[in-house]
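# Survey of secondary and tertiary structure
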Amino acid sequence: MQNKIKLTFFLCGGIAIYKVPNVIRKLIKDNFDIRVVMTQTAQKFMNKEIFSVLTKHPVVVNNFANNGSVNHIEIAKKTDFAVIIPATANIISKIANGIADDIVTTTLLAIKDDKKIIFPAMNDVMYENIVIQENLHKLKQRNFKIMEPNYGFLAEGYDGKGRLPNLEEIVSFIKEEIKNKAIYQQQSILEKRVLITAGGTREFIDSVRFIGNQSSGKMGINLAIQADKAGFNVTLIAANVDSNLLDILPKTITLIEVITAEELLSKTKSLFLHNDMLIMAAAVADFKVENKLNHKLKKEELNDITLKLIKNPDILLELQKIKKRNQIVIGFAAETNDVVNNAKSKLKNKKMDAVILNDVSRIDIGFNSNDNEVTIFFKSGKEISLEKNSKEKIAKQIIDLIIREFFKNGTRNN
Ligand code: CTP
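Residues numbered from 1 in each chain as written. Predicted model: local features only at pLDDT ≥ 70, side-chain atom pairs only at ≥ 80, totals over all residues. Heavy atoms only, no water.

## Remarks on the site of the ligand
The immediate surroundings of the ligand are formed by 14 residues, with Met280, Ala282, Phe332, Lys346 and Lys350 found nearest. Contact between the ligand and Ala282: an oxygen atom at 2.8 Å from a main-chain N or O atom of the residue. In the model, an oxygen atom of the ligand is placed 2.7 Å from a nitrogen or oxygen of the Lys346 side chain. Protein contact buries 78% of the 570 Å² of open area that the ligand shows by itself. Where the shell around the ligand is concerned, the elements lending two or more residues are helix 13 (315–320) and strand 16 (328–335). In terms of residues, the shell around the ligand owes the most to one element, strand 16, which gives four residues. The residue makeup of the shell around the ligand, split by class, is nine nonpolar, one polar and four charged. (Near = heavy atom within 4 Å. Polar contact = N/O pair within 3.5 Å; in protein donor to acceptor, adjacent residues only side chain to side chain. Areas by Shrake-Rupley, 256 points an atom, 1.4 Å probe, with all protein chains shown as cover. Helix = DSSP H or I, 4+ residues; strand = E, 2+ residues; numbered from the N terminus. Nonpolar A, V, L, I, M, F, W, Y, C, P; charged D, E, K, R; others polar.)

This is the structure we're talking about:
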């Protein structure tokens, strides 16, 4: 009994509640310890006794326990993960805005957001309503794990998106989320700090024109999101990343924006020492314009202009001068030819702990595309190739590999 994972189910007033007893039965069979909290409306759809008999725990329906303790705090303490199902438009909007006016909402407020798994289910038009979409977006940013409803036959008698997924889908979604979190908790990386750079720097020619590169920042942003999910304390330095991409960052990530390579160097240098690991995903311009103009270059001046380019500092090489032994430095190698040898040379020359090789000559992966395919070369000699996948999935795999290679039980492996 002691080692069972404790799930608290928060049941709301939606017709899809009829699927929940079977979900709970399956999870109990699979050795989870389950408690149930219900809203008033949920009880109109189903009798609470169904759940007390199934779970062998009294079902909680109000804030006061009649024994001097306060239910919502007691239940929150006994919750490893909260499952909100079916999540109605009402409950989504309340929890997105911090409203706590019944036993379900007060208890949820007393549980950390990254322990919450939520299953929206409602009428299709309600689900697509901008208010609900905005509130779901807020929850996502706060690290709630959200399972999208299915398209299918709704209680209204027609097909639409809003249907609670089926038993197997719900159960495997819950288990997958718990498995991911459990791996991370075991490895106790929760106190570890990681600095990630993303995007591409710009070097100005005059006050409005610049030399830039094609990096969108997608890879770095995804790495930051996955590192945050894994439990790292993440600081992201973003160089010229589109605001739509920055908008998807969870609020738990500290964001710093820069434009030029020099600004990136100065921010990275000052933050590096406060971090356990650096992942240098930004595409840094290797040169800048020496004779940069502080005003807008006029057409007449353009007839005869020569730009003199001078070298920018190499940030990774600069950081080597201040790096402490227990800090981990991971870089990227953006290559177009002789890719493996070039990546390996960078690993050695820049004294990195690992380098992630990205073949930027391919248009289906690399700069600006949504997919990537990479090989990671570790200092230990280990090489791992990741098949082409979305940048989100590649980022997750990279973070998992980094954790396995460098962190175990909260300490560095090598
Ligand atoms: N990098 C850096 N400072 C620079 C240039 C690159 O810290 N001035 C980092 C990048 O963020 C990346 C790694 O070094 O993690 C390799 O970058 P890449 O552009 O592949 O190579 P360069 O070092 O610039 O060398 P080259 O352009 O000759 O391939």
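## Comments concerning the sheet that holds strand 3 (residues 81–87)
Across the sheet, which stays open at both edges, the five strands sit in the order 2-1-3-4-5 with parallel pairing between neighbours. Whereas interior strands pair on both sides, the edge strands pair on one side only; in this sheet they are strand 2 (33–38) and strand 5 (145–146). Strand direction decides the pairing type here: strand 4 (residues 116–120) and strand 5, joined by two bridges, are parallel. Looking across to strand 5, one finds that Ile118 is bridged to Ile146. (Pairing = 2+ DSSP bridges.)

## Quick look at the environment of Val241
With respect to the secondary-structure elements, Val241 resides in the loop between strand 11 (233–239) and helix 11 (243–246). Residues Val241 and Thr201, spaced 40 residues apart in sequence, show a C-alpha to C-alpha distance of 9.5 Å. Other than its neighbours up to four places away in sequence, Val241 contacts Ala198, Gly199, Ser216, Gly217, Ile221 and Leu246. (Contact = heavy atoms within 4.5 Å.)

## What to know about the sheet that holds strand 8 (residues 193–199)
The strand order across the open sheet formed by eight strands is 12-11-8-13-16-17-18-19, and the pairing between neighbours is mixed. What marks the edges here is a single partner per strand, and that holds for strand 12 (254–258) and strand 19 (383–390). Between one strand axis and the next, the sheet turns through 15° on average, direction left out of account. Across six bridges, the pairing between strand 16 and strand 17 (residues 354–359) is parallel. The residue bridging Glu335 from the neighbouring strand is Asp359, located in strand 17. Against the sheet, helix 15 (residues 391–406) makes contact with strand 13 (277–280), strand 16, strand 17, strand 18 (371–378) and strand 19, and its axis sits at roughly 155° relative to strand 19, the strand it touches most. (Axes fitted to C-alpha atoms, helices over the stretch in contact; angles between N-to-C directions.)

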